[in-house]
Amino acid sequence: MESTLAIIKPDAVGRRLTGRILARIEEAGFQIRAMRMVQLTRDEAEGFYAVHRGKPFFPGLTEFMSSGPAVVLVLEAPGAIGRWRELMGATDPSKAAEGTLRREYGTSIGENATHGSDAPETAAFEIGYFFRGVELARAGRLG
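Counting from 1, residues in each chain are numbered in the order their sequence is written. It should be noted that, the model being predicted, local features are given only for residues of pLDDT at least 70 and side-chain atom pairs only at 80 or more, the latter also being counted only at that level, while totals for whole chains, interfaces and linings use all residues. The basis for every side-chain value is the complete set of non-hydrogen atoms in the structure, without hydrogens or water.

## Some words on the overall build of the protein chain
Line of reasoning, step 1. The helix count covers DSSP runs of H or I at least four residues long, the strand count covers runs of E at least two residues long, and both are numbered beginning at the N terminus. Scanning the protein chain from terminus to terminus reveals eight helices and four strands.
Line of reasoning, step 2. Listed N to C, the secondary structure of the protein chain is β-α-α-β-α-α-β-α-α-β-α-α in terms of helices and strands.
Line of reasoning, step 3. Here the C-alpha coordinates of the protein chain stretch approximately 40 × 35 × 25 Å along the principal axes.
Line of reasoning, step 4. For the protein chain, long-range pairs separated by at least 24 residues make up 73% of all intrachain contacts whose partners lie at least 6 apart in sequence.
Line of reasoning, step 5. All accessible areas in this document rest on Shrake-Rupley with a 1.4 Å probe, and a residue is counted as covered only by the protein chains that are shown. Accessible surface, the protein chain: about 7,200 Å² in total, of which carbon and sulfur atoms supply 52%.
Line of reasoning, step 6. Within the protein chain, one finds 18 positive and 18 negative side-chain charges whose respective centroids are separated by 2 Å. Any pair of residues with heavy atoms lying within 4.5 Å of one another is described as a contacting pair. Residues scored as positive are Lys and Arg, those scored as negative are Asp and Glu, and His as well as the terminal groups of each chain are ignored. Throughout, a charge is located at the NZ atom of Lys, the CZ atom of Arg, the CG atom of Asp or the CD atom of Glu.

Structure follows, in structure tokens:
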């Protein structure tokens, strides 16, 4: 089994798409091991996306991610990282494959409804950013 972090971003939460996206996650065979709604501060968004600091899109990204509530989840499945990225689709919704979440619910590269970890190391950092070990243990993930 592999774990990945998923985020239902503020644009999707604001448009009341959370339930639809959660249903698609479950229909795709993922186990939701942890979930919470968060309202990131600008500093928290900057910490989460620190790897992108200095890139031209960083200010807009962190402003957007701190603009409203988001839902953060730990998903588990065999090959979870790749499978979640496939379900999300390309970053640009206009280039995402038919049937993907970003194609259906994203409105732009910046407001593309979902986020997912891109590698095991990234997933470990991102999961740890939002969830403590005890929360994952209570969810049946550890121990």
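## Considering the pairing of strand β1 (residues 2–8)
Line of reasoning, step 1. Of all the seven residues making up β1, six are buried; the element is thus mostly covered by neighbouring parts of the structure.
Line of reasoning, step 2. Looking at chain direction, β1 and strand β3 (residues 70–77) are connected through seven bridges and run antiparallel. By the bridge assignment for β3, Ile8 is matched with Val71.
Line of reasoning, step 3. Paired strands, as defined in this entry, are two strands with at least two bridges between them according to DSSP. Taken together, the three bridges between β1 and strand β4 (residues 114–116) define a ladder with antiparallel strand orientation. Residue pairing across strands places Ala6 opposite Gly116, the latter belonging to β4. To sort residues, take the accessible area from a 1.4 Å probe on protein chains only and compare it with the maximum for the residue type: under 20% means buried, over 50% means exposed, and anything in between is partly exposed.

## Remarks on the side chain of Glu126
Line of reasoning, step 1. Note that Glu126 resides in helix α7 (residues 120–130).
Line of reasoning, step 2. Lacking a salt bridge, the buried Glu126 has Arg85 as its closest oppositely charged neighbour, with an N-O distance of 7.3 Å.
Line of reasoning, step 3. Discounting residues that sit within four places of it in the chain, Glu126 has contacts with Leu5, Phe48, His115, Gly116 and Ser117. Salt bridges are defined by distance alone: a side-chain nitrogen of Lys or Arg within 4 Å of a carboxyl oxygen of Asp or Glu.

## A word on the packing of aromatic side chains
By convention here, two paired aromatic rings are described through the distance between centres and the angle between planes.
Line of reasoning, step 1. Aromatic rings from Phe, Tyr and Trp, taking only the six-membered ring of Trp, are treated as a pair when their centres fall within 6.5 Å; an angle between ring planes under 30 degrees marks them as stacked, one over 60 as edge-to-face, and anything in between as tilted. Applying the stated criterion across every chain, the model contains six aromatic pairs.
Line of reasoning, step 2. Ring centres of Phe30 and Trp84 lie 6.2 Å apart, and the angle between their planes is 90 degrees; this geometry places the pair in the edge-to-face category. With a gap of 54 residues between them, Phe30 in the loop between α2 (18–27) and β2 (31–38) and Trp84 in helix α5 (residues 80–88) connect regions that are remote in the sequence.
Line of reasoning, step 3. You can call Phe30 buried: its relative accessible area is 4%.
Line of reasoning, step 4. With a relative accessible area of 0%, Trp84 lands in the buried category.

## As for the environment of Glu111
Line of reasoning, step 1. Structurally, the position occupied by Glu111 is in the loop between α6 (101–105) and β4.
Line of reasoning, step 2. You can call Glu111 partly exposed: its relative accessible area is 35%.
Line of reasoning, step 3. Sequence-wise, Glu111 and Ala90 are 21 residues apart; in three dimensions their C-alpha atoms are separated by 12 Å.
Line of reasoning, step 4. In this structure Glu111 touches Asp11, Phe64 and Gly106, once residues within four positions along its chain are discounted.

## Focus: the environment of Glu46
Line of reasoning, step 1. Here Glu46 is to be found in helix α3 (residues 42–48).
Line of reasoning, step 2. Taking the C-alpha atoms as reference points, Glu46 and Phe58, twelve residues apart in sequence, are found 8.1 Å from one another.
Line of reasoning, step 3. Those residues in contact with Glu46, other than ones at most four positions away along the chain, are Arg53, Phe58 and Thr62.

## Notes on the nonpolar core
Line of reasoning, step 1. Core analysis: the largest hydrophobic core is formed by 20 residues, its most contacted members being Ile8, Ile21, Ile25, Phe30, Leu73, Leu75 and Trp84.
Line of reasoning, step 2. Of all the secondary structure elements, the ones that give two or more residues to this core are β1, α1 (10–14), α2, β3, α5 and α6.
Line of reasoning, step 3. Excluding anything up to four places from it in sequence, Trp84 contacts Thr4, Leu5, Ala6, Ile25, Phe30, Leu75, Leu101, Thr114, His115 and Gly116.
Line of reasoning, step 4. By size, the runner-up hydrophobic cluster in this structure holds 18 residues, among which are Leu5, Ala34, Val38 and Phe64. Here, nonpolar core refers to any group of buried Ala, Val, Leu, Ile, Met, Phe, Trp, Tyr and Cys residues whose side-chain atoms link them within 4.5 Å.

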